[in-house]
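Close look at the chain arrangement
Take a look at the letters that make up each chain.
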Amino acid sequence: MMCRSGIVTCQARAAADGRVAVGRFTDPVSIRMLRAPERAAVERVRSAAEPQRTMAWLRYRMLADLADILAARTVAIDDAVRAAANPQLVVLGAGLDARAWRMTELAWTVVFEVDHPAAQSDKRERIGDADPAAASVRFVPVEFGSAALESALEAAGQVASEPTTWIWEGGVRYLRKPHVERMLRGIAARSAPGSRVIVGYTTRTVHSVLLAPWGVRLWLTLAGAAGAKREERIRSLWTPAQIAALCTAHGLDIDTDEDLLGIARALEIPYESPEWLANTRVAVADLP
Ligand SMILES: C[S@@+](CC[C@H](N)C(=O)[O-])C[C@H]1O[C@@H](n2cnc3c(N)ncnc32)[C@H](O)[C@@H]1O
């Protein structure tokens, strides 16, 4: 079963398609991975004017705000993937990530989707036999924090001596710091020079410490998607300096580390929630 946050981020990308950052963001695949009631929430945001009733308005606002956040984050990450143009892409905590099915630039890239086994089997059911845009997609079921990441990637055919782009988007905060460090060790162990690591993370600010746990629970509840709450507890928040130190410790040089507020402004997204955008960052680090 997909966790609720994986479904809600997919709903947000579907809600953003054709409405937010038009010309820079497009994702026609996400809507196809949603079940009927999940799609209905997206259609309300895509087609209706803001509802008047309080609960309906809250549901609408949460998904509409998240659509702005996801459009900005997706554009930043897609740009970094394109610029690296590596032959392998590993998507950690892939959830309902649609890149392997929508990014034509991946036509020569082998994509490895790593996720919790239950979430991954749900994803496979949802995507069905849709043709990938990538050269191929390999599913790698792994419970993070275990030593299995490296051996599972080896078994799936990821070649450690070839450059790899890694995306870890929106999942760092669900792991404790020692587990995040363990993940970076695994990434470094399977990365050749020229590899790139892209991390979308939530920063440690007064806003995120005090409001994020409450806010995340609220929007997940309002979204009404079913799933395992245990996986969605926030276990670590990071400052840019801590992310930089973590990357440096594993031989990675930070290329960029931007907050989504700046990215949303550059994309001329008329956002409503500057705090949420400012608390989310995308760091890009390269292995020389
Ligand atoms: C918020 S979702 C993000 C999904 C996707 N990256 C996106 O941005 O839409 C977090 C993902 O991390 C995965 N995840 C969380 N904790 C995990 C763990 N301990 N082991 C494996 N996967 C985990 C979940 O299954 C889920 O797919």
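This text goes with the structure placed above it.
Notes on the structure follow. As the structure is a computational prediction, the values presented were derived from the model and not from experiment.

**Notes on the packing of aromatic side chains**
In the structure shown here, the tally under the stated rule is two aromatic pairs. Between the aromatic rings of Phe144 and Trp168, the centroid separation amounts to 6.1 Å while the plane-to-plane angle is 75°, which identifies the pairing as edge-to-face. Linking Phe144 in the loop between strand S3 (136-141) and helix H6 (148-156) with Trp168 in strand S4 (residues 164-169), this pair joins segments that are 24 residues apart in sequence. Taking the relative accessible area as the measure of exposure, Phe144 reaches 15% and is therefore buried.

**Remarks on helix H7 (residues 177-189)**
Compared with an ideal rise of 1.5 Å per residue, which puts 13 residues at 18 Å, H7 spans 18 Å between its outermost C-alpha atoms and is within 8% of the ideal. Three or more residues of H7 are buried, namely Val180, Arg182, Met183, Leu184, Gly186 and Ile187. Check the buried side of H7 and you find it contacts strand S1 (88-92), H6, S4, strand S5 (196-202) and helix H10 (240-249).

**A look at the site of the ligand**
As a structural note, the neighbourhood of the ligand is formed by 18 residues, with Thr9, Gly93, Asp115, Phe144 and Glu169 the closest of them. Gly93 has a polar backbone atom sitting 2.8 Å from a nitrogen atom of the ligand. Contact between the ligand and Gly95: an oxygen atom at 3.2 Å from a main-chain N or O atom of the residue. Relative to its unbound accessible surface of 590 Å², the ligand loses 96% to contact with the protein. If one sorts the elements of the shell around the ligand by residue count, helix H1 (residues 4-16) sits on top with three residues.

**Examining unusual backbone geometry**
The backbone phi angle of Ala21 is positive, close to 50°, even though this residue is not glycine. By the secondary structure assignment, Ala21 is in the loop between H1 and helix H2 (36-47). For Glu268, which is not glycine, the phi dihedral falls at a positive 55°. Mapping Glu268 onto the fold places it in the loop between helix H11 (260-266) and helix H12 (274-278). Judged by its relative accessible area of 68%, Glu268 falls in the exposed class.

Conventions used here
- Residues numbered from 1 in each chain as written.
- Predicted model: local features only at pLDDT ≥ 70, side-chain atom pairs only at ≥ 80, totals over all residues.
- Heavy atoms only, no water.
- Phe/Tyr/Trp six-rings, centres within 6.5 Å; stacked < 30°, edge-to-face > 60°.
- Helix = DSSP H or I, 4+ residues; strand = E, 2+ residues; numbered from the N terminus.
- Buried < 20%, exposed > 50% of the residue type's maximum accessible area, 1.4 Å probe, protein only.
- Expected span 1.5 Å × (residues − 1).
- Contact = heavy atoms within 4.5 Å.
- Near = heavy atom within 4 Å.
- Polar contact = N/O pair within 3.5 Å; in protein donor to acceptor, adjacent residues only side chain to side chain.
- Areas by Shrake-Rupley, 256 points an atom, 1.4 Å probe, with all protein chains shown as cover.

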